[in-house]
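Chain and residue survey
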Amino acid sequence: MVARAKSAPIRVLIAKPGLDGHDRGAKVVARALRDAGMEVIYAGLRQTPEEIVRAAIEEDVDLIGLSILSGAHMALFPKVLKLLKSEQGARIPVFAGGIIPDEDARRLKRLGIRAIFGPGTSLDEIVRTATSLARGGA
Amino acid sequence: MTPTRAEPPLARAIVRGDRRALARAISAVENGDPAVDPVLRALYPRSGTAPIVGLTGPLGVGKSSLMSALVTHLRGLGRSVGIVAVDPSSPFSGGSVLGDRIRFDRPAGDAAVFFRSMASRGASGGVAVATRETVRLLEAAGFDVIFVETVGSGQVDVAIRDLATTRVVVLVPHLGDEVQTLKAGLFEIADVFCVNKSDLPGAEIAERDLSEMAAFGVARDGWRPSVVRTSTVTPSGIPELWRAIERHESFLDSSQSRAPARRQRLVREIVERATDRLTSDLARRIQTEPDWAELIDRVADRRLDPRSAAERLAKELARSP
């Protein structure tokens, strides 16, 4: 299989699963990742887990970022992880941002969401973590 | 066609319809990874027959929405579709936001559609360097029709000429008076003009201006561009747009201009690749070979002129293996 060169730009999918119209945060993060030199595939609003996983496979991304403010994260995130696994995309790290209570965040991390950013997280921190996840780090 | 044993496993996987293999190979092409070279070599004979439709035009004219509507129409006709959507890379950070998927509307389970976003990564003329080979991979994967949507940089975006079999230039009402249509570039490459957002006032005037220009203009290889009005809001004109594209595709066959046009494109591609190769050889050797450094010293000391030095280097380059 063809390995990805370290010098190639990081490709990241940013998507909002479910019925949630608040995309300001996702757009700000997309822009910060772009300014950090990444190729950001912005899938936008109202994506089903199926659409997200399909986009991740077709776009061959190194990383997936999910934004959610609707409260449906416990229903939608595990579904994305499960579908990724069945599509052999399980090695693609997933991070998330939005309004996610600490208790849910802990459970989601146990399920495989690699990082969760709440309100007030600095863009620097998001870029740093995203870069490290995409490059195979923690 | 069925896969043959001589093909590398990745090539066979692509022909089998393995979407992940296709996606990986496209990344390798984008990254200039030489590991994909045998795959491209093996799959090349499987390309060259599908219509390749280039959609281009200024920012915000609705290319992505239009393509989504065209794909829905084609799926209704039972045709499978591969799509490459190119967006610009930032000259500052190298990063980009590829947003064409937002407009793309289709059932997630539909395996007969493959959509890939691509950053231009510094290529001028609106078509990423890797687009051509990505199109061939999509063809090898068996998609019936290929769409290439390019960053609409206006008058200079003509690189799509070297890539598509039918070029659709998408415009909207009120982009400017008919003098704009006389300007060189974008207007000269169109096989089909599409006046999109025709639900807005002024669409008829735009259509008339373009039709007049097409009628008075010199027909390129015997083809006069057709003009179609579309709207993705109402929606209207989508089947007509596809028919206009098909008419141009049939014209290529009936006028026997498909083969010469393809040959011309291939010549440009081969010259481009050979030039790249020679340029990088030249740049490397000028840094590393003592004889060449000495030649440059002589130019610097005014003992030899630059033209004669270049002539000598070119001869040397042609001689070497």
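Being a predicted model, the structure only gives us computed values, none of them experimental. (Residues numbered from 1 in each chain as written. Chains lettered and ligands numbered in written order. Predicted model: local features only at pLDDT ≥ 70, side-chain atom pairs only at ≥ 80, totals over all residues.)

1. Some points on the overall build of chain A
A tally of helices and strands in chain A yields five helices and five strands. Helices and strands in chain A line up, N terminus first, as β-α-β-α-β-α-β-α-β-α. In terms of C-alpha radius of gyration, chain A reaches 14 Å, essentially the compact-globule figure of 14 Å for 138 residues. By its C-alpha atoms, chain A is 40 × 35 × 25 Å across when sized along the principal axes. Counting the 138 residues in chain A, one finds 49% classified as buried. For chain A, restricting intrachain contacts to residue pairs at least 6 apart in sequence, the fraction spanning at least 24 positions comes to 73%. (Helix = DSSP H or I, 4+ residues; strand = E, 2+ residues; numbered from the N terminus. Rg over C-alpha atoms; globule rule 2.2 N^0.38 Å. Buried ≥ 20, exposed ≤ 12 C-beta atoms within 10 Å, placed from the backbone. Contact = placed C-beta atoms within 7 Å.)

2. Overview of the pairing of strand S5 (residues 145–149) of chain B
Residue and element names in this part refer to chain B. With five of five residues buried, S5 is to be regarded as a mostly interior element. Where burial is concerned, the two faces of S5 agree: the one with Val-145, Phe-147 and Glu-149 and the one with Ile-146 and Val-148 are both buried. Of the pairings in the sheet, the one linking strand S1 (residues 52–56) to S5 comprises four bridges and is parallel in character. What sits directly across from Gly-54, in S5, is Val-148. As defined by bridge partners, strand S2 (residues 81–87) adjoins S5 across five bridges and the pair is classed as parallel. Bridged to Val-81 within S5 is Val-145. (Pairing = 2+ DSSP bridges.)

3. Considerations on the sheet that holds strand S4 (residues 94–98) of chain A
In space, the six strands of this open sheet follow the order S5(A)-S4(A)-S3(A)-S1(A)-S2(A)-S3(B), with parallel pairing throughout. The open sheet terminates on both sides in strands that have one partner only, identified here as strand S5 (115–117) of chain A together with strand S3 (96–98) of chain B. Put simply, the sheet's adjacent strands are angled 20° from each other on average, direction ignored. Bridge analysis of strand S1 (residues 11–17) of chain A against strand S3 (residues 63–68) of chain A gives four bridges, and the strand direction is parallel. Within S3 of chain A, the residue paired with Val-12 of chain A across the bridge is Leu-63 of chain A. With respect to the sheet, helix H1 (residues 24–35) of chain A is in contact with S1, strand S2 (39–47), S3 and S4 of chain A together with S3 of chain B, its orientation differing from that of S1 of chain A by roughly 175°. Sheet contacts for helix H2 (residues 49–58) of chain A: S1, S2 and S3 of chain A; angle to S1 of chain A, the most-contacted strand, approximately 170°. (Axes fitted to C-alpha atoms, helices over the stretch in contact; angles between N-to-C directions.)

4. Some remarks on the environment of Ala-190 of chain B
Residues and elements named next belong to chain B. Note that Ala-190 resides in the loop between helix H6 (186–189) and strand S7 (192–195). Sequence separation between Ala-190 and Arg-161 is 29 residues, and the spatial gap between their C-alpha atoms is 8.8 Å. Once residues lying within four places of it in the same chain are set aside, the contact partners of Ala-190 are Arg-167, Val-169 and Pro-225.

5. Concerning the interface of chain A and chain B
With 30 residues of chain A in contact, the opposing surface of chain B contributes 30 residues. Where the side of chain A that touches chain B is concerned, the elements lending two or more residues are H1, S2 and H2 of chain A. Of the residues in the side of chain A that touches chain B, the class split is 15 nonpolar, four polar and eleven charged. With three bridges joining them, S2 of chain A and S3 of chain B adopt parallel strand pairing. Paired with Ile-41 of chain A across the two strands is Leu-98 of chain B, which belongs to S3 of chain B. (Nonpolar A, V, L, I, M, F, W, Y, C, P; charged D, E, K, R; others polar.)

6. Describing the packing of helix H1 (residues 9–16) of chain B against helix H2 (residues 19–30) of chain B
Residues and elements named next belong to chain B. Packing of H1 against H2 brings their axes to within 7 Å, and their N-to-C directions diverge by 125°. The angle between the axes of H1 and H2 places the two elements in the oblique class. Judged by the twist between their axes, the crossing of H1 over H2 is left-handed. In this structure, H1 contributes Leu-10, Ala-13 and Ile-14 to the contact, and H2 contributes Ala-21, Leu-22 and Ala-25. A breakdown of the residues in the contact of H1 with H2 according to their chemical character gives six nonpolar, no polar and no charged. (Parallel < 35°, antiparallel > 145°, perpendicular 65-115°, else oblique. Left-handed = near helix turned anticlockwise from the far one by under 90°.)

7. A few points about helix H10 (residues 290–300) of chain B
In terms of residue burial, H10 of chain B counts as a barely covered element, since only zero of its eleven residues are buried. Residue Arg-302 of chain B follows H10 of chain B closely and has a positive phi angle near 65°.

8. A few points about the environment of Val-15 of chain B
Residue and element names in this part refer to chain B. Mapped onto the elements of the fold, Val-15 is located in helix H1. For Val-15, a count of 21 C-beta atoms within 10 Å translates into the label buried. Considering only alpha carbons, one finds Val-15 and Asp-305, 290 residues apart in sequence, at a separation of 55 Å.

9. Let's talk about the environment of Ser-90 of chain B
With respect to the helices and strands, the residue Ser-90 of chain B is situated in the loop between S2 and S3. Residues Ser-90 of chain B and Ile-26 of chain B, spaced 64 residues apart in sequence, show a C-alpha to C-alpha distance of 21 Å. Filtering out sequence-adjacent residues up to four positions away, Ser-90 of chain B remains in contact with Arg-34 of chain A together with Gly-95 and Ser-96 of chain B.

10. Observations concerning helix H11 (residues 306–319) of chain B
Compared with the 20 Å implied by 1.5 Å per residue over 14 residues, the 20 Å span of H11 of chain B between its first and last C-alpha is a close match. Of all the 14 residues making up H11 of chain B, zero are buried; the element is thus mostly uncovered. (Expected span 1.5 Å × (residues − 1).)

11. Regarding the confidence of the model for chain B
For chain B, the average pLDDT comes to 87, and 88% of its residues sit at 70 or higher. Overall fold confidence (pTM) sits at 0.88, and the ipTM for the predicted complex is 0.90. (pLDDT = per-residue confidence, 0-100.)

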